[in-house]
Amino acid sequence: MKISVKKLRPDLVFVENVTAADLTAEAISVQARRAGVHLFTAPGKANVCSAEGYVVVQALQEGPLEIDFGTACRVVDMLTGEPVGHGPVVTRRFATGECHVYRLLGTGEPSRQ
């Protein structure tokens, strides 16, 4: 099995041969960081999607979640309109499955590095 992760440019790719047993969130996280990929949370903590200054976070477990938005910014919860902190890193408490949509203000799209 081969894993490929593309960075911002399609010519920047890392490929590693692994077995299914090696394919853990932690192992993918280590290789992604080595390739210069920005990771918003620790592996296995949340599902994250981002585009054009918006970040959607769905917690996979209950408890505090440290979110690295990748840039200095003001973070607003789009569902409540409430400010939640200043990036690059904000810690929020989540219930399992809870989802929030954040808007990053005072910056362009978050950096990927």
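Chains are numbered independently. Their residues run from 1 in the order of the written sequence. For a predicted model such as this one, the threshold for reporting local features is a pLDDT of at least 70, and the threshold for listing and counting side-chain atom pairs is 80 or more; totals across whole chains, interfaces and linings nevertheless cover every residue. Note that the side-chain values use all heavy atoms of the structure and ignore hydrogens as well as water.

Moving on, we get to the packing of aromatic side chains. Two rings from Phe, Tyr or Trp (for Trp, the six-membered ring) form a pair when their centres are within 6.5 Å of each other. A pair whose planes differ by under 30 degrees is stacked, one over 60 is edge-to-face, and the rest are tilted. With the rule as written, the count across this model stands at one aromatic pair. Aromatic pair Phe-69 and Tyr-102: ring centres 5.8 Å apart, planes at 80 degrees, arrangement edge-to-face. Taken together, the residues Phe-69 in strand β5 (residues 63-77) and Tyr-102 in strand β7 (residues 99-105) connect sequence positions 33 residues apart. The exposure class of Phe-69 is buried, given its relative accessible area of 0%. Secondary structure elements are defined from DSSP: runs of H or I of at least 4 residues count as helices, runs of E of at least 2 residues count as strands, and each element is numbered from the N terminus. Only protein chains enter the area calculation, which uses a 1.4 Å probe; residues under 20% of their type maximum are buried, those over 50% are exposed, and those in between are partly exposed.

On to the pairing of strand β3 (residues 46-51). Strand direction decides the pairing type here: β3 and strand β4 (residues 54-59), joined by six bridges, are antiparallel. The residue bridging Asn-47 from the neighbouring strand is Gln-58, located in β4. Between β3 and β4, which follow one another and run antiparallel, lie two residues, and Glu-52 among them has a positive phi close to 50 degrees. Pairing between strands is defined by DSSP: at least two bridges between them are needed.

Here we come to the sheet that holds β5. Taken in spatial order, the five strands line up as β3-β4-β7-β5-β6 in an open sheet, and their pairing is antiparallel. One side of each edge strand has no neighbouring strand; the edge strands of this open sheet are β3 and β6 (83-94). Across this sheet, the average inter-strand angle for adjacent strands is 20 degrees, counted without regard to direction. Alignment of β5 against β6, held across ten bridges, turns out to be antiparallel. Bridge pairing links Pro-64 to Arg-93 in β6. All axes here are fitted lines through C-alpha atoms, helices being fitted over the stretch that makes contact, and every angle between N-to-C directions spans 0 to 180 degrees.

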